[in-house]
Every structure is written in structure tokens, then in C-alpha cells.
Amino acid sequence: MDILKVLSRGIKPTQKSKSHQATALPSAGAAPHPQLFHDPVASTSRGKKRKRNKKQDDAADDHNDGDGDASDIDYFAPRKPAAEPTPAETEDTPKKRKIKLLDEEECRQILRSHRLKFTVLSEIPPANDPKDEPSKSKKQKKEDKKDKKDGKKDGKKDGKKDKKASKDSDGKQEGKKDEKKQIYPQPLNAFGELHHSYEVSAKVASNIYAQGFRVPTEVQLGSLPLLLRPAMALKKSSVTIPGIERGADFLAVAPTGSGKTITFLIPAIDGVLRRREELGRSADEHVLEAVIVAPTRELATQIVNEGRKLAIGTGVRVVLMKRTLRLPAEEVEVEGKNEDASSEASSDDGEGSGSDSDSGKEDNDGVKPPARVDILVTTPRTLLNFLTGKRGVRRTLPAVRLLVLDEADVLLDPVFREQTMGIWRACTHPDVGLTCWSATMASSIEDLITKQLAKRVGHGSSPRPLIRLVVGLKDTAVPNITHKLIYTATEQGKLLALRQLLHPASSADSGPPLRPPFLVFTQTIERAQALHNELKYDIPIEAGGSARVAALHSNMSESARSRVMARFRGGEVWVLITTDVLARGVDFAGVNGVVNYDVPTSAAGYVHRAGRTGRAGREGGVAVTFYTKEDIPFVKSVANVIAASERQAGRTGEAAAVQKWLLDALPDVPKEERRKLKVRGVESRRSQAGAVAISTKSKWERQKEKRRQQAIEASKKRKKQQRKRQEGEENEGGDDSGSEGGHQEEDEWSGLDD
Ligand code: ADP
Ligand code: MG
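Please read all numbers here as calculations on a predicted model, not as lab measurements.

Student: Would you mind showing me how to read helix α21 (residues 603-610) here?
Tutor: Think of an α-helix as 3.6 residues a turn; residues three or four steps apart then line up on the same face. With seven of eight residues buried, α21 is to be regarded as a mostly interior element. Considered for burial, the residues of α21 that qualify are Ala603, Gly605, Tyr606, Val607, His608, Arg609 and Ala610.

Structure, rendered in C-alpha cells:
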């Protein structure tokens, strides 16, 4: 195995080897164009051409210029600013200009070209019936109808959903939902508008700029005006939404790596700053106004880091929830037991097996003064433990005005639902807003949110409209990555295939090769550990040896997990073997590939795992999925997602990763099976034997070897006894260390075998 060829590139990188490496690492590009969709727009019904914003185009061109030359791409490099600001842009920042609002048709064209679709999910009073819309042209109405039709097609489940890829986003507009209205809010043409048009603090605007962000991604372009100044964003809208000036609850379904994090952070920081100004609070007065919930610690930590970068110089404190943190909360007496059964709640990390080391409840009834927090980022259980930790008392967070659920579909999935609901209930302010974010969203989750919002209104909350944004085709992987579905027949076949992928020559003829750094996903913690043990000696010492391969799962301590994350981000670890704990949200800019060593247990699982590569529009990422004979009954959902993603990317026929014949040949997965699979995974991989199956040697080989070892041992024993007998009386003693070693090995095998 000539693994050295690939992996030794990292030893003491010289200037020369650095540039060589850079060309070899396609998705580590430092200045990608972050937008995924930019369809040309034909002239409108009124004969107008879509006006592209000059500044945006210039910025885009700057990015494109950078793309051509990959030689200065640095492996895992921190993001460099794409280009120096143009004088016009720097001048813009301190000045406030009045915004020129686009008319509805222009908004519609821009949103459409970026495949953005806004739907009002809450009821709109009949005054807004489409028939009453005076400003709509015939053609516009016709196109609206087409949108709905497309939405209908895309909205169908799984296999059927993909029958025909639509250019526009999914509408989930079946049945009565057909009535739901589409709206066309003002788009954000350039980040500069945040300050001079939407009155976001100049500090926040320059912090965005300092991070090198020039062109807003689709989700940023669509959501920010609506979330920051809803009345202004919808000023030209022909649909009047009562109460919109108070803000809307928001549900965004946008691709992985498309910049959702700053899209929810900017309005959160802006809200704190605006209220500070309105109420005349001083900069060192901190009121917990926003809570951001994320399913894993790694993701929560990442959000805090992003938040702090955006809040530099504003005095807004973005804090990670810890067990020992005392929050400013109100205490409500409850009779008997706490209503939230948090102690029985499962791990924060959404993994089937394994538990966390910090699962003990902490009674936060300390004497410490409450922490100074404006925006809290937390995993569900850590905050719920604080809210319900004190016997006989339930704590509430009455000042919270914004609840953000990142990876909302998983937070509202049964695994986390009770914990998330518990937090939502604790946000008792009648005007608390909700925003939900994910790359995937089942309609059942949307229904749950709608019902819960209605219930809260029943309990005295002010009604707020619920608006959904879908970017692109719902529940698909990003179009800028390549998918490979590889049949390995057996478990052993997977290990061989993984080693093949590491070999530079092997994949040259089958599309883009998989290059380190990459992530490998297994179904269980035990399998991640076993695969780690199996692979760690594959890397030659000269290339860094076993330090280049690491595992991360929720059976590890918090500090061990963050050490591995730091080593992976730092480029020290090249192959990170993990479970679904890292499937969602975590952003590693330079990850070139993802290997699904075990088939993901749901279509959404595939979208999120694959989405760890190709972040922020980076090209060249590869997602490889192995499947065995055993997986065939389940693999269709994954194949469907790949097929839909390929169509969205415009790759069809021979160019597609999943050929039609394969799609047709794979059996459909019955709904009940899909549900079971999502909860439990593939049964045979759950047990101890599932971990043992990860070995280069087949079970038959292991047994054969075991028998051979036993035979050797027996023969040695016999010889030894014979020798002893011969030497017997006259010469006692002898060396038996070899035999000891053999026994030890045999014991180890017999402990694991079967
Ligand atoms: P998501 O939450 O949608 O999966 P993230 O918010 O984690 O995506 O963003 C993915 C990456 O894109 C991050 O590294 C982020 O800093 C970067 N990013 C966000 N917005 C932009 C932008 N407008 N231009 C370039 N990069 C961006
Ligand atoms: Mg995210």
C-alpha cells in the first residue's frame, strides 16, 4: 500500500510542497464564491431586465478571479479576505443612505434567480385573497401557478419527490397548503446595505467584512432584510401580513454550509443593540435576550465563536451555557416533581449508543451572581438542567425575546423534543420570536411548530406570522460536491474500499479522488473505535503515524473531544472517524471528503453528513457511501437524495453518480422500515459483533488464524513438555516468554470473536 505518497505530503511543508499540496486539496479553497444558485433571469413580463447589483457583481468577479489560481491555497488556512475593499465600499460604511426599495416584480425575479421561495404558513385574513391582488400581471400569476406546480412535485416524499427536478424550491403545497401565500421580500444585495439601509450597527457590519464575507449567500440575501426590518422588507408586497411590524416567526430550510449561522446571529445581535438603545441601557448592562439551541457541544461552541466575531466592539456578550453557569432567571414554585423529565432525557449528541460524562444534574442554587449574558448558546439538556435542576422550583427566562433552534428538525425530533419544548416553555415573554434553521425539514416538524405557536397564542402570547423560506430543492445535498455510491458486498469489502480510496492511483479513473483531510462516519461509537484501531497504523511514521487518524464520539470526555476538534481543524489529523455526533452543523472549511463507512440511517442523515464538505460554495468535495448486501433494502432513500442532488446540479445521464438502472433496481424502503432504521440503524451493526466486523481479516480468516495459533501453542507446549521431560531431572527451567505472548493474543481474540 503506497499510502505514503498521499499522506507524507504533510511532513514539514516547504514552500514548494505547500503549493503542490494546495492543488491536491480541491475543497480547501480560501475564496470560493459562496452562492450556489444564480440562474439567469429572462426579461420580465413588463419587459424589464433583472438589474443586478453592480457592487455584488464586482465582488463576485473578485472572487472568481481568485478561483483561477489554486497555488496559494493553504491547507486548512484561515479564511483570507477575498479582496481589498474598493474605495466605494469603504466609504459606504459610515454613511447612511436611504434605501431604494425594489418593486415586487424585481424582488420576485431576484429571489427566483437564487431559487428562494418564501411562503406564509400562518393564516392570512381573507382580505388578501389572490383575486384581490391588483398589481399582479397575467404572466406573474401564471408563473406563480408554475411555482406551485413545481413545489407540488418536489414536495412529494422520497422517490416520487425526485421524479422531476424543479428549478424552484419546494413548496410543500399539497392539499390545503396550496392556499398558502408566497411573498417576495426585499433581497439583500450586498452586505453594505445592512448598515446603511437596514441600520445594523456599523461595528457588526465591519465585523462581517473583516471575516472576508463579500457576497451574501442565498439564505442571507433572502432572510436578513425580513428578519431585521420586516415591515420595510415587505413594504412593496402585494400581500399584507397583519402584525408583520412586530416581526415574524421564521423557518429556514437552506443547504448545508450556506451561512445560516450568521443569518440568525446578525438579527440576534441587532435585537440586543436596538433594545439597548431604545431602553437607554448602558453597554455593561446585560439582559439575556436571545437563546440559541444547537444539538451538540461542538456546534454550540462553533456558534459562540461565530457570534463573538460578529459582536466584537459592540459589548454584546455571547456565552456558551455550562453546567456551572448561573443565569438570570425567575423561579416559579411547582408542586411535586418537575414537569420536564430532563433526567431521563437522552444524550445531547443524538447518538444511539453511549452516554455523556457530564450527564449528572447540577443544582445551580449557588450564591454566585448571575452571569452577564446577552445571547446564550446551549445544547438542549444543559439549559434544561438549569431550568429544572432545583427541586420544587421551575426557572423561567422572562427577558428572552428570541429563541433560535439551529438544526431545528433534530431538536424537535423525539430524541430532543421534550428538552427543546421545555426550553421554549421557559421563554415566557409574550413577544418571544422563534427562528428555526436546517438543511432538512420534514413536514411533520413544520406542523409541530405551527401547532405549538398556535398553542402559545392560546396561552396569551401575541400572534406572529410564520414564514418559511426554502432555498433550492428541499432536502437535497449541495450541488457543488460529487457523490459516489460504492457497493462493497461485505463488511471486509468496506475496509478494503476505504484503503483503496486513500491510495492515490486507485481513484484516478473514477472521478475526483478522495483526499485527506476527510471524515469517516460509522453507525455506532463501538464501530468508530474499532475502525480507528484498525486504521491508525496505516499511516507511516514518516507521515505523522497514528496521530494522523483520530476518533471523536460522545463516549469521550468533553476535553478529549475539543482536543480532537482542535487537531483536526489545525490540520494535524487527516482522517477523523466519527459518528452522527459530527454530522450536523460543524464547519470544517478544508474538509475534502466524507466517507459514509456505514450507510446513513435516513435521507436527512445523508444530506447533513455529505454537507460537511463543499462548505460556502467550495468545489471539489467528495461524498462516498459504502453499502453492503445487507444495506440494499435501505439504500434507496440515500440513492434518491443523491439522484435529486445531481439533477439540481445539472448532472444527468452518464455524469450522474446514481445511474437510473440502479435507482430502478433498488427496492423501495417501506415507511415503517425507514422509521425503524432512523431510530436504530442497521441492527447487525449495533452489537459488539458489529464492531468486531471491522477488521481486515474475515471471520473465517480470524477463525483459521485462531486455530493455527492454537495448533502452534499446543505444539510448543508439547515440545516444551517433551523438553522438560528430557531435561527433566538434570536441568530445570527455560524460556517460555514466546508462549506467554501467544496466549495473550489468543485470549484477546477469543474475547472479541463472535
Ligand atoms: P450552515 O449553518 O448553513 O451549514 P455555516 O453558517 O456553518 O453554514 O457557514 C458555512 C461557512 O461559510 C462558514 O465557514 C462561514 O463562515 C462561511 N460563510 C458564511 N457566510 C459567508 C459568505 N457570505 N461568504 C463566504 N463565506 C461565508
Ligand atoms: Mg449550521
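Having seen it, we continue.
Student: Can you help me understand the nonpolar core in this one?
Tutor: Generally speaking, nonpolar side chains in soluble globular proteins are found buried as a group. Formed by 84 residues in total, the largest nonpolar core has its most connected members in Phe118, Leu194, Phe250, Ile375, Ile467 and Leu485. The greatest single-element share of this core, amounting to eight residues, is contributed by helix α12 (residues 260-278). Beyond its immediate chain neighbours, meaning those up to four positions away, Ile467 contacts Phe118, Thr119, Val120, Ile183, Leu226, Ile241, Ile244, Ala248, Asp249, Phe250 and Leu251. Core analysis: the second largest hydrophobic core is formed by 40 residues, Leu121, Leu327, Leu412 and Leu434 among them.

Student: Would you mind going over the packing of helix α13 (residues 297-311) against helix α20 (residues 558-569) with me for this structure?
Tutor: Close contact between α13 and α20 brings their axes to 11 Å; oriented N to C, the two are set at 60°. Taken together, the axes of α13 and α20 are oblique relative to one another. Here α13 and α20 pass one another in a crossing that is right-handed. In this structure, α13 contributes Arg297, Glu298 and Gln302 to the contact, and α20 contributes Glu558, Arg561, Met565 and Arg569.

Student: Is there a simple way to explain the pairing of strand β14 (residues 549-552) in this structure?
Tutor: For a regular strand, side-chain orientation follows a simple rule: the groups alternate between the two sheet faces. Residues Val549 and Ala551 line one face of β14 and the alternating positions Ala550 and Leu552 line the opposite face, and both faces are buried. One ladder, built from four bridges, connects β14 with strand β15 (residues 575-578); its direction is parallel. For Leu552, the partnering residue across the bridge sits in β15 and is Thr578. Note on the crossover from β14 through α20 to β15: the handedness is right-handed.

Student: How should the sheet that holds strand β10 (residues 433-438) be read in this particular structure?
Tutor: Two orientations exist for strands paired in a sheet by backbone hydrogen bonds: parallel and antiparallel. Judged by pairing direction, the sheet is mixed, and its nine strands sit side by side in the order β2-β1-β11-β3-β10-β9-β4-β7-β5 without closing on themselves. Edge positions in the sheet fall to β2 (181-183) and β5 (318-320), since each has one partner strand and no second. For this sheet the average axis-to-axis angle between neighbouring strands, irrespective of direction, equals 20°. Taken strand by strand, helix α14 (residues 380-388) contacts β4 (290-293) and β7 (375-378), and its axis lies near 115° from that of β7.

Student: Looking at this structure, how should I read the sheet that holds β15?
Tutor: In spatial order, the strands read β12-β17-β16-β13-β15-β14; together these six strands make up an open sheet with parallel pairing. The open sheet terminates on both sides in strands that have one partner only, identified here as β12 (481-489) and β14. Looking at each pair of strands side by side, their axes are set apart by 20° on average, direction ignored. Pairing between strand β16 (residues 593-596) and strand β17 (residues 621-628): four bridges, direction parallel. Opposite Asn596, over in β17, you have Thr625 as the bridge partner. In the packing of helix α18 (residues 491-502) onto the sheet, the strands contacted are β12, β13 (518-521), β15, β16 and β17, and the crossing angle to β17 comes to about 160°. With respect to the sheet, α20 is in contact with β13, β14 and β15, its orientation differing from that of β14 by roughly 140°.

Definitions and limits used
- Residues numbered from 1 in each chain as written.
- Chains lettered and ligands numbered in written order.
- Predicted model: local features only at pLDDT ≥ 70, side-chain atom pairs only at ≥ 80, totals over all residues.
- Heavy atoms only, no water.
- Buried < 20%, exposed > 50% of the residue type's maximum accessible area, 1.4 Å probe, protein only.
- Helix = DSSP H or I, 4+ residues; strand = E, 2+ residues; numbered from the N terminus.
- Core = buried A, V, L, I, M, F, W, Y, C linked by side-chain atoms within 4.5 Å.
- Contact = heavy atoms within 4.5 Å.
- Axes fitted to C-alpha atoms, helices over the stretch in contact; angles between N-to-C directions.
- Parallel < 35°, antiparallel > 145°, perpendicular 65-115°, else oblique.
- Left-handed = near helix turned anticlockwise from the far one by under 90°.
- Pairing = 2+ DSSP bridges.
- Right-handed = clockwise from strand over helix to strand, strands pointing away.

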